[in-house]
Each structure stands twice: as structure tokens, then as C-alpha cells.
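# Examining the three-dimensional arrangement
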Amino acid sequence: MRWRDLRAGELRKEHVGQRLALAGWVGRRRDHGGLVFIDLRDESGLAQLVINPERTEEAAAVAHGVRNEFVVRAEGEVAARAPEAVNPSLPTGEVELQVDQLEIVSRSEPLPFQLDEENVDEVTRLRYRYLDLRRERMQRNLRLSAAVISAIRRFMDEQGFVDVWTPNLTKATPEGARDFVVPVRLQPGRFFVLPQSPQLFKQILMVAGFGRYYQIATCFRDEDLRADRQFEFRQLDLELSFPTREEVLDTLEGAVVASFEALGRTPPERPFRRLTWHEAMARYGSDKPDLRFGLELHDLTEETRGSEFKVFAQAPSVQYLTLPQELSRAELASLEELAKEWGGKGLAYLVFDEEDEVRSPIAKFLSAELVDAVRPEQPGATVLFGADEPETVARVLSAVRNHLGRQLALIDVSRDEFLWVTDFPLFEWDEDNKRWAASHHAFTGVRPGDEDLIESDPGQALSQAYDLVWNGWELGSGSIRIHDPEIQRRVFKAMGIDEAEAQERFGFLLEVLRMGAPPHGGFAMGIERFVALMAGEQNIREVVAFPKTASGSEPMTGAPTPIAQDILAELGIQVLPQDG
């Protein structure tokens with residue numbers, strides 16, 4: 001017996017008069033005084049079944065026992081719907097199946113939530129993820145994800161990249177987030193880790209002569225979960241030999257455009273916009289700015305050096321942004337609380353009313369020249385100030401900018417703004433450990449001409465790193481790598497990693513680099529972040545089939561769970577009691 005001759009969503013007017021079998025889930029059952037209508041659903045869409053007791057009493061008796069989410073098989077004749085019954089919103093809306101035989105294949109218990117129910121608690125959705133995945137939203141998102149990945153693969157193959165799988169059990173090289181650790185039964189006391197990225201392996205593939213590598217790589221990071229983070233995630237991972245930076249960026253832009261085209265969407269214009277890291281921080285206070293609205297930052301540090309307002313005069317950095325509308329005291333108080341949440345001490349302001357008069361508790365401490373320097377072109381505006389360490393001011397005003405953009409509907413949601421942020425600092429100061437750390441990672445190339453700054457002024461050395469940003473979300477990052485072992489040694493030394501530690505942690509890579517390493521560079525783009533934006537979702541859990549909750553658990557299976565003591569003993573592991 002064939003379960004079905006067509007999928008439910010494939011039924012069309014040209015099938016009228018044919019005898020066909022369909023199978024799927026009962027999306028909805030409507031009993032009209034004997035005549036029963038069933039919306040039959042499968043992965044392709046919906047078809048309407050009509051069970052008429054005058055046509056078949058046996059099928060009608062079965063239909064009265066059918067409930068939502070039962071799996072049924074129906075066989076009958078395809079008929080055209082009456083003109084007044086046509087449903088133009090469905091591809092199958094012109095036809096229906098007049099059922100002669102109806103079989104309940106599988107029954108369903110009462111559901112914990114209805115599939116068309118709104119605002120279902122997320123933990124409940126994840127506990128019954130197999131039901132949640134039947135919903136139209138999740139079906140659409142996961143199919144969109146598959147289409148995007150297929151388009152990326154086609155594009156990368158056409159560009160001559162080779163898909164190479166790299167290990168998921170590898171060596172610990174402590175960098176970035178915490179690793180997930182895997183014990184080895186055959187070697188008690190020794191451990192693999194799950195890769196945070198295939199970074200070292202893809203560099204090794206370049207030395208091995210592959211020239212153009214890619215994979216849709218699964219990566220693992222033991223970090224706090226939030227809207228754009230999961231323990232497990234995928235990335236488009238790629239590397240090229242003998243590249244210019246432009247070749248790497250052009251490849252990524254091509255993959256993005258191919259994804260848009262595969263979904264029938266208008267692709268973004270190429271080349272994507274560019275900002276250096278210093279420009280992005282100066283104008284937006286962020287290295288992943290949303291360019292769909294204005295509210296740029298402006299520097300006022302020099303102009304405030306002699307100010308009577310000591311908060312300004314003594315602050316290492318003073319910056320401001322101008323909002324083209326007056327804010328109330330309540331709105332300003334709310335923004336001040338937001339500033340404190342992001343590490344600021346407060347938020348100073350000047351409100352210019354419609355008569356261009358100034359309202360502010362700090363106005364009396366500011367010179368007329370300083371007020372005129374920030375006076376908006378049009379009255380009815382608010383100027384917001386940050387005064388603190390440069391990093392704090394940038395962080396606070398960027399948060400205020402993004403908040404105002406969302407709250408006041410300043411963001412043009414009809415636009416897609418892609419941005420390359422380039423020329424990141426090579427190092428950043430690690431205040432906790434009192435040493436320089438790599439801004440991206442330790443294998444990032446130094447900008448040509450800045451090599452001498454590695455020792456003399458590490459904070460001023462720029463890297464060959466670049467990030468791709470879409471509407472304020474960082475999609476991924478990459479760089480031209482270090483291929484010279486001597487430069488790599490100098491970078492390690494600047495980071496406080498001596499020869500012995502470098503050999504212990506990265507010895508195999510250093511050996512590889514001494515065996516004829518070509519110049520190389522690449523990129524890694526987060527697939528789930530990219531797909532989430534494509535799908536219009538704000539949380540990547542909505543495009544992941546079986547995600548973890550914010551607490552790191554997986555409600556459907558109950559993972560993570562304790563491991564039996566005999567298994568732990570075999571692995572040589574003892575679980576210590578946890579305080580609190």
C-alpha cells in the first residue's frame with residue numbers, strides 16, 4: 001500500500017477527477033452536522049478533506065473520532081470546490097479530496113499547547129520541541145536555513161573552494177571562551193576539547209597546499225547564553241592562500257548575495273560599506289553599529305578642558321549625541337538609569353525647547369561658547385553627554401543610541417545595512433592580568449608597516465582583522481594571518497607568552513609555520529545569526545532545531561544529566577561537591 005500519491009500541499013486543479021491518497025496530520029477538524037471537514041497538513045502545506053456520510057458511512061464514523069494532530073490516511077476523488085468555497089490564500093484552495101476511505105494511522109494525546117496558540121512559554125515550547133517544530137514559524141525558519149546553507153555551498157563550490165571536514169576532538173589552546181572538555185578512556189587524565197573554531201586546522205590546510213578551504217563547521221563555546229549565543233553553533237569557515245584582503249571580503253559578499261538571491265530577496269549592493277575600527281568607535285561608540293539610523297557621536301573633549309563644569313573638565317573623554325526632539329524629565333531619568341546599567345556614572349543633558357531656550361541643571365556651569373558649540377540646527381532637540389574614560393563613554397552612548405533608535409522608531413526597518421569594520425587594534429589591554437591580549441586572536445596579522453610597534457607601542461599597532469556587521473549584529477570576523485614564525489614569536493612575546501609556553505600551547509602550529517607557510521587569510525561567519533536576521537528573528541533559538549535555554553539546559557531530553565559513578569570511575573573522574 002502506498003501511503004500517499006501526493007503531498008498535501010501539492011494538490012491542484014489539474015488533479016480534479018483523479019483518485020488519490022493523501023497522508024498527514026490533522027491540523028483542524030470541523031463537524032457541520034454530519035459533514036466533516038479536515039485540514040490535512042504535511043511538510044508541503046494543507047489540503048482539505050471532505051467526509052460525507054452519504055458518500056461513505058464508514059469513513060464518516062472514523063472522522064467523528066479524529067482529533068487535532070492525529071495522523072491519518074485518506075483516499076478519494078479530487079473535486080473542484082464550489083466558487084464560494086474557494087480559498088485564494090492557499091495553493092490548494094481551489095480543490096478538495098472527497099474521501100471514500102479514512103484510516104487513523106496514529107493517535108495523539110491532548111496537546112500541552114495548540115499549534116496556533118500565541119505567546120506559549122519558551123520552556124514549554126522547548127520541552128515539547130517536536131510539537132513546536134510542527135508550527136508554521138519553525139517550519140519556515142528551518143527550511144529557510146537549509147536554503148541559505150545550500151546557496152552558500154553552491155557559491156563556495158563554484159568559486160573553487162574545497163569542503164574539508166576538521167576534527168571535533170582536538171587539543172586545548174586556551175583562547176577566548178571556555179572550552180568543553182572531553183575525557184579519554186584510553187588515556188586517563190588526558191582530555192580532548194571541542195573546537196571553538198577550526199582556526200588552527202584551516203591555517204594548517206593552507207600550509208598543506210589546499211589554497212581554498214571551506215566548511216559549514218560546528219563550533220563549541222562554554223559561555224553564557226543569550227539571544228545571539230548557543231553552546232553549539234555553525235559557521236561558514238573559509239581560508240585562502242596568497243589572498244589580498246579584498247579577495248576575502250569579496251568572497252563573503254558573494255556568499256551573502258547568493259543567499260539573498262536563493263530566497264528571492266533583493267540582495268544588498270556591493271561593495272558593502274567600510275569603516276575603520278577607529279571611525280566606527282568615534283562615530284557610533286561601537287564596532288558593530290546599526291547604520292539604519294543616525295544619532296552619531298561627536299567629540300567635545302578639547303572644548304571642555306577649561307570648563308567650569310568639573311565633570312566635563314576632568315573627564316578623559318567627553319562626547320555627545322543630538323536627538324531631534326525634546327525629552328521629558330521622566331524620559332531623561334530613564335536614560336540615566338540605562339547609562340548606569342552600562343557602567344556610566346550618569347548622563348548629562350541640554351534640552352533646547354521650541355524657542356531655542358536651554359533647560360538643564362548643568363547649563364549654568366557651561367559657557368555660552370560651549371552651549372553654542374552643541375546647539376542643534378533646529379530647536380526642539382535634546383543633547384546627551386557622556387563624560388568618563390573613553391571606553392565607558394563609547395559603551396554608554398552606544399547603548400543610549402541603540403535604545404533611542406528602537407524606542408523612538410528611528411530605525412528604517414525597510415533597509416539592510418551591511419558594513420565591513422576594518423583595521424582593528426592588534427592588541428587590547430587586559431586590566432585583570434596586567435598584560436596585552438590579542439584583540440581578535442593571537443594569529444592575526446599585523447598591518448604592514450606596524451611591525452615595529454609590536455614591541456615599542458603595542459597599543460598603537462593595527463591588525464589586518466575585519467568584521468562583517470548586518471543591522472548592528474556582528475555576523476563574523478576574519479583576518480589576514482601571521483605566516484612568518486618570527487612575527488608570530490614577537491606577537492606571543494608582546495602578550496607575555498614566553499618561548500616555553502608558546503611551545504607547549506602552540507608548538508605544533510609553530511612547527512607548521514616553519515615548513516613553508518604561504519600568506520593566508522580567511523573568515524568565519526555565524527550561520528545562525530545570519531539565518532536569524534534573514535528570518536526576521538531576534539533570537540537564534542528560533543532558527544535552531546533543538547537549542548539550549550539560557551540556563552544551558554535542554555528541556556526536551558533533560559540534558560545535561562549526572563553520569564553513573566562506574567562510568568566516571570572508568571574515566572578516572574571524581575566529581576567534587578559544589579559549595580552553594
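Look up a bit, the structure's there.
Below is a short write-up of the structure. (Residues numbered from 1 in each chain as written. Predicted model: local features only at pLDDT ≥ 70, side-chain atom pairs only at ≥ 80, totals over all residues. Heavy atoms only, no water.)

This brings us to the pairing of strand 16 (residues 381-388). Among the eight residues in strand 16, seven count as buried, and that is most of the element. Relative to strand 16, strand 13 (residues 317-323) runs antiparallel, the two sharing seven bridges. Counted as the bridge partner of Gln 319 is Gly 386 from strand 16. Bridging between strand 14 (residues 348-352) and strand 16 involves five bridges; their strand directions are antiparallel. Looking at the pairing, Val 351 lines up with Thr 382 of strand 16. (Buried < 20%, exposed > 50% of the residue type's maximum accessible area, 1.4 Å probe, protein only. Helix = DSSP H or I, 4+ residues; strand = E, 2+ residues; numbered from the N terminus. Pairing = 2+ DSSP bridges.)

With that out of the way, let us pick up the sheet that holds strand 20 (residues 465-470). Strand order across the open sheet formed by eight strands is 6-9-10-22-21-20-17-11, with mixed pairing between neighbours. Each edge of the open sheet is held by one strand with a lone partner, namely strand 6 (162-163) and strand 11 (273-276). By the bridge criterion, five bridges tie strand 17 (residues 418-422) to strand 20 in an arrangement that is antiparallel. Within the sheet, the bridge partner assigned to Trp 420 lies in strand 20 and is Leu 468. Contacting strand 11 and strand 17, helix 7 (residues 277-284) runs over the sheet at an angle of about 90° to strand 11. (Contact = heavy atoms within 4.5 Å. Axes fitted to C-alpha atoms, helices over the stretch in contact; angles between N-to-C directions.)

What follows is about the packing of aromatic side chains. Under the defined criterion, the tally for this structure stands at 18 aromatic pairs. Seen from their ring centres, Phe 260 and Phe 418 are 6.0 Å apart, and the 70° between their planes marks the pair as edge-to-face. Note that Phe 260 is positioned in helix 6 (residues 245-262) and Phe 418 in strand 17, a separation of 158 residues in sequence. A relative accessible area of 0% means that Phe 260 is categorised as buried. Note on Trp 470 and Phe 530: the rings are 5.6 Å apart at their centroids and 55° apart in plane angle, and the pair reads as tilted. Residue Trp 470 is located in strand 20, and its partner Phe 530 is located in helix 15 (residues 527-535); the two are separated by 60 residues in the primary sequence. Here Trp 470 and Phe 530 have matching classes, each one buried. (Phe/Tyr/Trp six-rings, centres within 6.5 Å; stacked < 30°, edge-to-face > 60°.)

For the rest of this paragraph, the subject is helix 6. Over its 18 residues, helix 6 runs 26 Å from end to end, which matches the ideal 26 Å to within 8%, given 1.5 Å per residue. When helix 6 is considered as a whole, its buried residues turn out to be Val 248, Leu 249, Thr 251, Leu 252, Glu 253, Gly 254, Ala 255, Val 256, Val 257, Ala 258, Ser 259 and Phe 260. (Expected span 1.5 Å × (residues − 1).)

One pass over the structure, following the stated rule, counts 50 salt bridges. Measuring nitrogen to oxygen at the nearest pair gives 2.5 Å for the salt bridge that ties Arg 489 to Glu 486. Residue Arg 489 and its partner Glu 486 are both found in helix 13 (residues 485-494); the two are separated by three residues, about one turn of the helix. Arg 489 gets classed as partly exposed once you look at its relative accessible area, which sits at 29%. (Salt bridge = Lys/Arg side-chain N within 4 Å of Asp/Glu carboxyl O.)

Once that is clear, we can look at helix 15. Here helix 15 lies mainly inside the structure; eight of its nine residues are buried. Residues Ile 527, Glu 528, Phe 530, Val 531, Ala 532, Leu 533, Met 534 and Ala 535 constitute the buried set of helix 15. Residue Gly 536 follows helix 15 closely and has a positive phi angle near 75°.

Our next topic: the layout of surface pockets. Each pocket or cavity is described by its volume, and for the second largest pocket that value is around 1100 Å³. Every residue lining the second largest pocket is counted, 34 residues in all, and those nearest its centre are Arg 41, Leu 115, Arg 134, Arg 135 and Glu 136. Among the elements of the structure, strand 1 (19-32), strand 2 (35-42), strand 3 (45-51) and helix 4 (136-158) are those that each provide at least two residues to the lining of the second largest pocket. Here the lining of the second largest pocket gets six residues from one element, more than from any other, and that element is helix 4. Taken together, the residues of the lining of the second largest pocket break down into eight nonpolar, nine polar and 17 charged. (1 Å grid on protein atoms, 1.4 Å probe; cavity = no way out; pocket = protein on both sides within 12 Å on 5 of 7 lines; lining within 4 Å. Points joined across faces, edges and corners; volume = space filled by probe spheres on them. Nonpolar A, V, L, I, M, F, W, Y, C, P; charged D, E, K, R; others polar.)

Okay, the packing of helix 5 (residues 199-207) against helix 14 (residues 499-513) next. At a closest axis distance of 10 Å, the pairing of helix 5 and helix 14 adopts a crossing angle of 20°. Considering their axes alone, helix 5 and helix 14 lie roughly parallel with respect to each other. With respect to the hand of their crossing, helix 5 and helix 14 are arranged in left-handed fashion. Here Leu 200, Ile 204 and Val 207 of helix 5 lie close against helix 14, whose contacting residues are Phe 508, Leu 509 and Val 512. In terms of residue class, the contact of helix 5 with helix 14 is made up of six nonpolar, no polar and no charged. (Parallel < 35°, antiparallel > 145°, perpendicular 65-115°, else oblique. Left-handed = near helix turned anticlockwise from the far one by under 90°.)

Another point: the sheet that holds strand 12 (residues 298-299). In space, the five strands of this open sheet follow the order 12-13-16-14-15, with antiparallel pairing throughout. Edge positions in the open sheet fall to strand 12 and strand 15 (358-359), since each of these has one partner strand only. When strand 14 meets strand 15, the two strands line up antiparallel, connected through two bridges. The residue of strand 15 that forms the bridge with Val 351 is Arg 359. Strand contacts of helix 9 (residues 329-341): strand 14, strand 15 and strand 16, with the helix running at about 25° to strand 16, the strand carrying the most contacts. Against the sheet, helix 11 (residues 390-407) touches strand 13 and strand 16, its axis set at about 150° to strand 16.

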